[in-house]
Amino acid sequence: MTPALELRRLAKSFGGLRVTAEVDLAVAPGERRLIIGPNGAGKTTLFNLITGELRPDAGSILLFGAPVTRLPSRRRAHLGLARTYQIITLFPRETLLRNVVLALLGLSPLRWNPFLRLDRQQRLFAAARAALAQVGLADLGDRPLAQTSYGERRRVEIAMALAQRPKLLLLDEPFAGLSLDERRDVQKLLQSIPREVTLVMIEHDMDVALNLADRITLMHFGEVIVEGTRAEVVAHPKSREVYLGV
Amino acid sequence: MNQGLLLAVNSIAMGGLLFLLASGFSLVFGLMRIPNLTHGSFFMLGGYLGISVLGKGPDTLSQVSLWLGVGGLPPDLAFWLAALLAAAALAVVGGAIERLLLRRLAGQELAQVLVTLGLSFIIADLCLMTWQGDPIPLSPPPTLRGSLPIGHVVFPIYRLATVLIAVAVAVALWLVLDRTRLGAMIRAGVDDPVMARVSGIRVSRLFTLVFALGAGLAGFAGVIGALILSVEPGLDTDMLPLALIVVILGGTGSLPGAFVGSFVVAFLENFGQAWRPEFAYFMLFLPMLLVLLLRPQGLFGRHAP
Amino acid sequence: MSLRLLAWSALALLGAVLPWIASDYYIDVASQVLIYAIFALGLNVLVGYAGLVSLGHAGIFGVAAYAAAWLVAAGFGHLPAALAALVAIVLVSALYALLSLRATGIGFLMITLAIGQILWGLAYRWIDVTGGDNGISVPSRPAPFGLSLMSAPSFYGFTVLVFLLAVLSMSGFVRSPFGASLKGTRDQPRRMTALGYNVWCIRFAAFLFSGFWSGVAGLLFCYDEQFVSPGMLTLGSSAEVLLMVIAGGSGTLAGPVVGAALVVIMKNVASAYIVRWNLVLGIIFVAIVMFMPEGLVPGSARLARWAYAEWQRRRRAPAALGSER
């Protein structure tokens, strides 16, 4: 079976600093993969390489079997790739609804149209409302982003990613900064995502993340140290080494 | 041949003046990451202030100077006094601007640039109000009078002197940057402002100091420049683009870059004028554009603007 | 919302009756306000909606004017001259965009400044073609459909029409999906790319749109003054139109219009009373950048809302205090 995401000997250095060191990774379609590792392990850089914001020095990236290593970032979105960010990067001057609409517009040929009125595009707005409903923010559609809580904004990020109907969704620390209740809500939300969508997640919050994951990849210093099921990774001696330094 | 020699020596003289103008601009740009669009106004204001200290202008400051007896001082002393006073005054103005205005916009570089733009309007009009619209020439002090024959052409000494003054200032600046703690802090700030702040350097205080230094240098350059160019309204918008070109070519924050760039620009201007006057400006700005596009850090710079 | 409508209606009314109540001098000032308003609206597409501050737009303004002026002075009719000028505008805007969009922020500012200076230098020094400081005189104004525009009220009417067209086109643009895309690139260019947008292309297209209207303003200026000179393309000129946009309020449609009115009226009318208008403009500009960066239009609206809320609060306060006994 063609992996949803495949990385072959992916490498990236900044000057003398090796941030990604010959990473091999294969995520099966529908899988829930968790990437963990101490700070500075190169996890977000890996995401940036996958989305195309960074160009690798060596190696290749395949999305559902298609090589995308040379493909510009914007085109990868059209291939079904979506991501959320560690630091919330939403559109501050817009309402929640319009934030999601912008995410939907990115994949629509309408985005080039300078004549129509955006507000009149019913289908777009209906799809945006549906996405917000999926994350439990249906009533807050018309609220300006500035008047929402951090937890709500995290959910908007996820709504925007889901609205794109991605085949592969990268989640960069989706639980960061959330309260216990909010974490439970997001966890339920992520669990409700159908298996048509492959999930790859970076997280520090072990309890919540481990429950979601099928397989776990442990990274350190840009390398994959351990990979396997939860049980395998937890039992592996190298894991302890990485986290406790023993 | 004579034509070439004339142009060459004039270029060297102009290059000296440009360095005096651009050095301050380069330091500010390198450290604070902003092109100070008031720099031309500082130059012009310095020239005017020097003229007033020497009592040569139509304004009340000139009257005061004359009344204080500046006419009685030995003219050499008077001239250098005027230059230093202008530098000092501009340093104070620059420091005040940074402390009171720019610091409030810390981190918003674009807003800071816009403020310097607005200030250039203000200073230009204040100068017009104070010194009126007529160009005011300044004659050189006795030690710089006279001329020197080189080849078949005779050159006024004060033009050649600008190069020596530029070299002297360059050496002084280099000593400060290379040998003093202040200089080390400036160089650190130019290289990596985040690290500089983390390692304990009071970056905001440093900014005020460097902005004041830049303004002071511009003011000093204005008085020296008044010997070559007459001080008149519009001088600020004439000189600012030149400072910009020099610093972009040479690299922001780089003194060697400003030095080399000044002479390159001066040569381009003079020879360009002689060869094809209609494309004179074109030939100045095209290299700047090319550098911005292809090698934004300039010849000697460390990072792109 | 209705307050805004009221304000616009009042202004529209004033604009409509102006030719009957004011002298030629004031009508001409009004035409100038509209011309600069179009110029500022054009620049605002980049500054307000794309988040790209250009200090070289006077170059586009000037090229349009010079192209038309040169062709008319050379004997061509007004229509071909205007059409050729429009083509020139698009080409120059494309050139600006290709060069300056390699950077953003201050880099973008300096590249546009450099290009503007190059164009100014050509206007000033290429005397064979542009006449240098002497400029080019345009012997007549266009006569669309045979109607003469030589009188101040008739030219004003023509300018009003073009202005309305500009406002309509801007308004449509801002509300369109493309407008939303552009604003997205202003606020989160990284995310926009990840969402599938081609940020460079969006900015390029916006530059062409921006340049188009700034160029149209240049054409109108050429017809108004019937004279073009290098002074149109100076750094000061680019700075002035930027001032209009920022003072009025970038990111709104009313802002650049208000800013243009402020500057033009100050230059022409107030200069009889305030001799040093550059000084006043500079002070206003610095004050706005520092204390009201969103500009006069949104800033005043904000102040008005705050004042109204304060007034409401104070009106209710005595009763509340009384009931707390």
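On a predicted model such as this, the values are computed, not experimentally measured, just so you know.

## Let's talk about the packing of helix α6 (residues 157-179) of chain B against helix α11 (residues 255-275) of chain B
Residues and elements named next belong to chain B. Closest axis-to-axis distance for the α6/α11 pair is 10 Å, and the angle between their directions is 165°. In terms of orientation, α6 and α11 fall into the roughly antiparallel class. Note that α6 runs across α11; the crossing there is right-handed. Judged by residue contacts, V163, V167, A170, L173, W174 and L177 of α6 engage L255, F259 and F263 from α11.

## With respect to the sheet that holds strand β3 (residues 32-36) of chain A
Within a sheet, adjacent strands bond to each other through the backbone by hydrogen bonds, running parallel or antiparallel. All names here are of chain A. Taken in spatial order, the six strands of this open sheet run β6-β7-β8-β3-β9-β10, and their pairing is mixed. This sheet does not close on itself; its edge strands, each paired only once, are β6 (81-84) and β10 (223-228). The mean inter-strand angle of the sheet, taken between neighbouring strand axes irrespective of direction, is 20°. Alignment of strand β9 (residues 215-220) against β10, held across five bridges, turns out to be antiparallel. By the bridge assignment for β10, H220 is matched with E223.

## What to know about the interface of chain B and chain C
Many descriptions give the size of an interface as the accessible area lost when the pieces come together. Facing the 42 residues of chain B at the interface are 35 residues of chain C. Both sides together, the interface formed by chain B and chain C hides about 3500 Å², and carbon and sulfur atoms give 84% of it. Sorting the residues of chain B by area buried against chain C places F121(B), Y281(B) and L293(B) first, and these three jointly supply 19% of that buried surface. Linking chain B to chain C there are zero salt bridges. At the junction of chain B and chain C, the tally comes to three residue pairs in polar contact (both at pLDDT 80 or more). Broken down by secondary-structure element, the contributors of at least two residues to the side of chain B that touches chain C are α5 (109-131), α10 (235-250) and α12 (280-294) of chain B. Of all the elements, α5(B) adds the most residues to the side of chain B that touches chain C, at 15 residues. Of the residues that constitute the side of chain B that touches chain C, the class distribution is 35 nonpolar, two polar and five charged.

## Some details on helix α1 (residues 43-51) of chain A
Residue and element names in this part refer to chain A. Counting buried positions over the nine residues of α1 gives eight, a clear majority of the element. What α1 keeps buried is the set K43, T45, L46, F47, N48, L49, I50 and T51. One or two positions beyond α1, positive phi appears at G52, with a value near 100°.

## Some thoughts on the sheet that holds strand β4 (residues 58-63) of chain A
Residues and elements named next belong to chain A. With respect to topology, four strands assemble into an open sheet ordered β2-β1-β4-β5, the strand pairing being antiparallel. The sheet is open, and its two edges are formed by β2 (17-27) and β5 (66-67), each paired on a single side. As paired elements, β4 and β5 share two bridges and run antiparallel to each other. For L62, the partnering residue across the bridge sits in β5 and is P67. The strands touched by α1 within the sheet are β1 (5-14), β2 and β4, with β1 carrying the most contacts at an inclination of about 115°.

## As for the confidence of the model for chain B
Fine structural detail should not be taken from predicted coordinates in areas where pLDDT scores are low. The predicted model of chain B has a mean per-residue pLDDT of 87, with 98% of residues at 70 or higher. Looking across chain B, the model is least confident in helix α8 (residues 193-198) of chain B, with a mean pLDDT of 78, and most confident in helix α2 (residues 39-53) of chain B, with 95.

## A closer look at the interface of chain A and chain C
Contact residues are listed per partner, giving 31 residues for chain A and 23 residues for chain C. Across the chain A to chain C interface the summed buried area is about 2500 Å²; carbon plus sulfur atoms make up 56%. Here chain A and chain C share three salt bridges between them. Across the salt bridge formed by E157(A) and R191(C), the nearest N and O atoms sit 2.9 Å from each other. In this assembly, chain A and chain C are joined by 10 residue pairs in polar contact (both at pLDDT 80 or more).

## Remarks on the pairing of strand β8 (residues 198-202) of chain A
All names here are of chain A. Burial of β8 is extensive: five of the five residues sit out of reach of the surface. Residues of β8 alternate between two faces, with T198, V200 and I202 on one and L199 and M201 on the opposite face, all of them buried. Pairing of β3 with β8 involves four bridges; the strand directions are parallel. Each residue of the ladder has a partner; that of R32, found in β8, is L199. Of the strand pairs in this sheet, strand β7 (residues 168-172) and β8 are connected by five bridges, and their pairing is parallel. Bridged to D172 within β8 is I202. For the crossover from β7 across helix α6 (residues 180-191) to β8, the handedness is right-handed.

## With respect to the nonpolar core
Judged by nonpolar contacts, the single largest core of 266 residues is most densely connected at L169(A), L190(A), L55(C) and L242(C). At 18 residues, helix α2 (residues 24-50) of chain C tops the list of elements feeding residues into this core.

## Remarks on a positive patch on the surface
Judged by side-chain charge, R117(A), R120(A), R4(C) and R175(C) come together as a positively charged surface patch. Counting through the fold element by element, R175(C) comes out in helix α7 (residues 152-175). On the basis of relative accessible area, R175(C) is assigned to the partly exposed category, the value being 42%.

## Let's talk about the packing of aromatic side chains
For any two aromatic rings, the description comes down to two numbers: the centre-to-centre distance and the angle of the planes. The tally for this structure, following the rule as stated, stands at 23 aromatic pairs over all chains. Taking the centre distance of 6.0 Å and the plane angle of 35° together, the rings of Y308(C) and W311(C) count as tilted. Of the two residues, Y308(C) and W311(C) are both situated in helix α14 (residues 296-323); the distance of three residues between them amounts to about one turn of the helix. Since its relative accessible area comes to 49%, W311(C) is described here as partly exposed. Each member of the aromatic cluster is reached from another via a ring pair, and the members are W112(A), F173(C), F178(C) and F209(C). Residue placement shows K167(A) over the ring face of F64(A); its charged tip is 4.9 Å from the ring centre. It is R315(C) that lies over the ring of W311(C); its NZ or CZ is 5.0 Å from the centre.

## Side note on the pairing of β2(A)
All names here are of chain A. Judged from the seven bridges that link them, β1 and β2 form a sheet pairing that is antiparallel. The residue bridging S13 from the neighbouring strand is R18, located in β2. Counted along the chain from β1 to the antiparallel partner β2, the turn is two residues long, and its residue G15 has a positive phi close to 60°.

## Structural notes on unusual backbone geometry
Its identity is not glycine, yet E22(A) carries a phi of approximately 50°, on the positive side. Along the chain, E22(A) turns up in strand β2. Given a relative accessible area of 41%, E22(A) falls into the partly exposed group. Notably, Q226(C) is not glycine yet its phi reads approximately 55°, a positive angle. Checked against the element boundaries, Q226(C) lands in the loop between α10 (199-225) and β2 (227-228).

## Looking at the packing of helix α1 (residues 2-32) of chain B against α11(B)
Residues and elements named next belong to chain B. Contact geometry of α1 with α11 gives a least axis separation of 7 Å together with a crossing angle of 140°. The angle between the axes of α1 and α11 places the two elements in the oblique class. Once α1 is placed against α11, the crossing between them reads as right-handed. Split by residue class, the contact of α1 with α11 holds 16 nonpolar, 10 polar and one charged.

## Notes on the pattern of salt bridges
In the structure shown here, the tally under the stated rule is 22 salt bridges over all chains. One salt bridge connects R186(C) with D187(C), and the closest N-O pair in it is separated by 3.1 Å. Both residues of the pair, R186(C) and D187(C), belong to the buried class. Here K267(C) makes a salt bridge to E240(C), at a shortest N to O gap of 3.0 Å. You can see K267(C) sitting in helix α12 (residues 254-268) and its partner E240(C) sitting in helix α11 (residues 235-248), a full 27 residues away along the chain. Given the relative accessible area of 10%, E240(C) is considered buried. Connected through shared salt-bridge partners, E53(A), R83(A), D172(A) and R190(C) make up one network.

Quick notes on the rules
- Residues numbered from 1 in each chain as written.
- Chains lettered and ligands numbered in written order.
- Predicted model: local features only at pLDDT ≥ 70, side-chain atom pairs only at ≥ 80, totals over all residues.
- Heavy atoms only, no water.
- Axes fitted to C-alpha atoms, helices over the stretch in contact; angles between N-to-C directions.
- Helix = DSSP H or I, 4+ residues; strand = E, 2+ residues; numbered from the N terminus.
- Parallel < 35°, antiparallel > 145°, perpendicular 65-115°, else oblique.
- Left-handed = near helix turned anticlockwise from the far one by under 90°.
- Contact = heavy atoms within 4.5 Å.
- Pairing = 2+ DSSP bridges.
- Buried area = accessible area lost by both parts, 1.4 Å probe.
- Salt bridge = Lys/Arg side-chain N within 4 Å of Asp/Glu carboxyl O.
- Polar contact = N/O pair within 3.5 Å; in protein donor to acceptor, adjacent residues only side chain to side chain.
- Nonpolar A, V, L, I, M, F, W, Y, C, P; charged D, E, K, R; others polar.
- Buried < 20%, exposed > 50% of the residue type's maximum accessible area, 1.4 Å probe, protein only.
- pLDDT = per-residue confidence, 0-100.
- Right-handed = clockwise from strand over helix to strand, strands pointing away.
- Core = buried A, V, L, I, M, F, W, Y, C linked by side-chain atoms within 4.5 Å.
- Patch = residues over 30% accessible without salt bridge, like charges linked within 9 Å, V, L, I, M, F, W, Y side chains within 5 Å.
- Areas by Shrake-Rupley, 256 points an atom, 1.4 Å probe, with all protein chains shown as cover.
- Lys, Arg positive; Asp, Glu negative; His and termini not counted.
- Charge placed at Lys NZ, Arg CZ, Asp CG, Glu CD.
- Phe/Tyr/Trp six-rings, centres within 6.5 Å; stacked < 30°, edge-to-face > 60°.
- Lys NZ or Arg CZ within 6 Å of the ring centre and 35° of its normal.

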